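# Structural overview for review
Residues per chain, in single letters:
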Amino acid sequence: MSDAELVLRSTRVVTPEGTRPASVAVAGGTITAVLPHDADVPAGARLEDLGDDVLLPGLVDTHVHVNDPGRTEWEGFWTATRAAAAGGITTLVDMPLNSLPPTTTVDHLRIKRDVARDKAHIDVGFWGGALPGNVKDLRPLHDAGVFGFKAFLSPSGVDEFPHLTQDQLAVSLAEIAGFGGLLIVHAEDPHHLAAAPQHGGPKYTDFLASRPRDAEDTAIAALIAQAKRLDARVHVLHLSSSDALPLIAEARAEGVRITVETCPHYLTLTAEEVPDGASEFKCCPPIREAANQDLLWQALADGTIDCVVTDHSPSTADLKTDDFATAWGGISGLQLSLSAVWTEARRRGHTLEDVVRWMSARTAALVGLDRKGAIETGRDADFAVLAPEETFTVDPAALQHRNRVTAYAGRTLHGVVKSTWLRGERIVADGRFTAPKGRLLTRPEVTERP
C-alpha cells in the first residue's frame, strides 16, 4: 500500500470474507488494499485508528423519497442526504415521486439532477417512473442513466403518478424487458383494496383491515405471471405480507427473475404496539402482526427476501393526522435504519455481516453499483464506523430529517454511528458535517451527461 493516502484500522472490519482485524488502505477515493491489522503505515499516509469500533461498508439505500423539487417542505436533497450520512448511508437512489415533476421523462430527470447536484452530502442515483401513457419515455430514461422504473399497481396517493392496470403493466414491462431494464413494483391489488372494509378514523386495527395481505399476494402473483411470460426482471418493493413468500420462492425456483425487499419498520415494529391515532406508524402496505414479522425475518435468513431498504417517505407534520384513512402514509427512517435493524437482528441472533449483506451488498448489486457495497480492493472507500454495543434513545429533535416525525421516538436502539466516510473523506462525525461531497450516479455503463 505504498501509494496509500489514508489507512483506516480497526479490530473489526466487515469484509466479504468475514469480520476480522484489518487495515484498509485508501488512495484517490478507492480502497487499494485490505491488509493485516498491524501492517506498516507508509510514509505520508494518515492513520485513523478506530480501535474496536466496527468498520462497515457504507450502506446503499435504494428506496428513498426525497420529494425535491416540488414538495421540498416535506424533505429535500440537503436534509435527506444529511440524515442518510448521519445513519451510515453513503448512497441512495431517489424514487420518481413525490417530487414535482415526477421523474417520468428525460426533461424531468434533468430538472431533478440540477436540483440535487449541489445539495448531495452522499452519492445519489435516480429511478424513473412507469405511468400509463409514458411507454415512449422509458427507453430514453434508461439511456439517460436511471437505474430502473417504478410502477404502482394501485393508487399511489398523488394524482401526478397514476397506477398501471394489468394491461398497461404488460405493455410497460414488455418495453422494459426489451432493453434489459428493471421494473420495481408497489404490489397491492386495487380490487382487493376496494373490497376491504374502509372505516377511517383513529383505530389502527381498522386501517390494517383496509390493506389486507391478499391485496399484496394477488398483485405479486400477477406480477410473477407477467415477468415469467416476458422473461422480464422485476423487483417487489416493501414486502409486508409473509403470505406472499411461498409464491416468491416458487417463482424463483422456476427461474423467474424476481428480487424482493422489505423495510426496517416491518422488521422492528408490530401492529400490536401501534397506538390508535399514531399515524407516524402509517405506511402502505401496513405494519403487520408480530407473527408475520417473524416470517419476514425467516425469509431474510433463507434468502427469499434479498434486501432491506428504508422506503423513507416523509411529509409535513400536519399531514400526519390522527385519522389513518386520510393521514399521509409514509415512515421516515433514513437516519435510524441501520441502528433499528441491527437492534432487532442482534436480538434474533443475526450478525453485522448479515446486516451488511441485506443493507449494502445486495442493494448495491440490485442496481449494479459494483464499486459500492463491500470493503475490498477496487471499491469506493465508502464507510460507516459503528459502535454496535452502544445504545441511544431516539430523540426526534436530534434527527436531520426536515420534518422530525418518527415512529421510533423514545425507542432505545443499539448501534451508534460514530462517523461516515465517502470516497475516503469523513463527511460526518459527532454531528458535524462537511460541505456536500456527493456525486450524482447513473447506471454504471452510462457516462454522466452535463
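Read on for a plain summary of the structure. (Residues numbered from 1 in each chain as written. Predicted model: local features only at pLDDT ≥ 70, side-chain atom pairs only at ≥ 80, totals over all residues. Heavy atoms only, no water.)

## A word on the pattern of salt bridges
Put simply, the rule is: Salt bridges are defined by distance alone: a side-chain nitrogen of Lys or Arg within 4 Å of a carboxyl oxygen of Asp or Glu. The secondary structure listing takes helices from DSSP runs of H or I that are at least 4 residues long and strands from runs of E that are at least 2 residues long, numbered from the N terminus. The classification of residues rests on relative accessible area computed with a 1.4 Å probe and restricted to protein chains. Under 20% of the type maximum is buried, over 50% is exposed, and intermediate values are partly exposed.
Applying the stated rule across the entire model yields 31 salt bridges. The residue Arg71 makes a salt bridge to Glu160 at a minimum N-O spacing of 2.7 Å. Within this pair, whereas Arg71 is found in the loop between strand S6 (59–64) and helix H1 (77–86), its partner Glu160 is found in the loop between strand S10 (149–152) and helix H4 (166–178), the two being separated by 89 residues in sequence. What makes Arg71 buried here is its relative accessible area of 14%. Arg423 is the partner of Asp123 in a salt bridge, and the nearest nitrogen-oxygen pair spans 2.5 Å. With Asp123 in strand S8 (residues 123–126) and Arg423 in the loop between strand S16 (412–422) and strand S17 (425–429), this residue pair connects regions lying 300 residues apart in the sequence.

## Examining the side chain of Asp382
Stated precisely, the cut-off is as follows: We call two residues in contact whenever any of their non-hydrogen atoms come within 4.5 Å of each other.
Mapping Asp382 onto the fold places it in the loop between helix H12 (352–366) and strand S15 (383–393). Taking relative accessible area as the criterion, Asp382 reaches 5% and is therefore assigned buried. Leaving out residues up to four positions away in the same chain, Asp382 has contacts with Leu56, Pro57, Gly58, Thr90, Thr91, Lys372, Trp421, Leu422 and Arg423.

## Quick notes on the environment of Leu109
Checked against the element boundaries, Leu109 lands in helix H2 (residues 106–116). Looking at Leu109, the relative accessible area reads 4%, which means it is buried. Put simply, Leu109 and Trp297 are 188 residues apart on the chain and 36 Å apart in space, counted from C-alpha to C-alpha. In this view, Leu109 contacts Thr103, Phe126, Leu141, Ala144 and Val146; residues no more than four positions away in its chain are not counted.

## Brief notes about the pairing of S8
Stated precisely, the cut-off is as follows: One bridge is not enough; two strands pair if DSSP finds at least two bridges between them.
The two faces of S8 match: Asp123 and Gly125 on one face and Val124 and Phe126 on the other face are all buried. Across four bridges, the pairing between strand S7 (residues 89–94) and S8 is parallel. Across the sheet, the residue bridging to Val93 is Gly125, located in S8.

## Remarks on the side chain of Asn67
Along the chain, Asn67 falls in the loop between S6 and H1. The class for Asn67 is buried, based on a relative accessible area of 0%. Aside from chain neighbours lying at most four places away, what touches Asn67 is Thr72, Trp74, Glu75, Asp94, Leu97, Asn98, Ser99 and Pro314.

## Overview of the nonpolar core
How we decide: Definition used in this section: a nonpolar core is a set of buried Ala, Val, Leu, Ile, Met, Phe, Trp, Tyr and Cys residues joined via side-chain atoms within 4.5 Å.
Leu56, Phe149, Leu183 and Leu239 are the most contacted members of the largest nonpolar core, which has 97 residues in total. Once you skip the residues sitting within four places of it in the chain, Leu239 turns out to touch Glu216, Ile220, Ala244, Leu245, Ile248, Val260, Glu261, Thr262, Tyr266, Leu296 and Ile305. Membership of the second largest hydrophobic core comes to 15 residues, among which are Leu50, Leu55, Val385 and Trp421.

## Re the packing of helix H3 (residues 135–143) against H4
Inclusion rule: Helix axes use the C-alpha atoms of the stretch in contact, all axes being lines fitted to C-alpha atoms, and the angles between their N-to-C directions lie in the range 0 to 180 degrees. Orientation labels follow simple angle bins: below 35 degrees gives roughly parallel, above 145 gives roughly antiparallel, 65 to 115 gives roughly perpendicular, and whatever is left gives oblique. Should the near helix be turned anticlockwise from the far one by less than a right angle, the crossing is termed left-handed; should it be turned clockwise, right-handed. Only Asp, Glu, Lys and Arg are considered charged in this grouping, and only Ala, Val, Leu, Ile, Met, Phe, Trp, Tyr, Cys and Pro are considered nonpolar; every other residue, Gly among them, is considered polar.
Orientation of H3 relative to H4, taken along the N-to-C sense of each, is 25°, at an axis distance of 10 Å. As far as their axial angle goes, H4 and H3 are roughly parallel. The crossing of H3 and H4 is right-handed. Where H3 approaches H4, its residues Val135, Leu138 and Arg139 are matched on the opposing element by Val171, Ser172, Glu175, Ile176 and Gly178. For the contact of H3 with H4, the per-class residue count stands at four nonpolar, two polar and two charged.

## Structural notes on the sheet that holds strand S11 (residues 182–186)
Spatial ordering of the open sheet is given by S9-S10-S11-S12-S13-S14, a layout of six strands whose pairing is parallel. What marks the edges here is a single partner per strand, and that holds for strand S9 (128–129) and strand S14 (307–308). Relative to S14, strand S13 (residues 257–262) runs parallel, the two sharing two bridges. Bridge pairing in S14 links Glu261 to Cys307.

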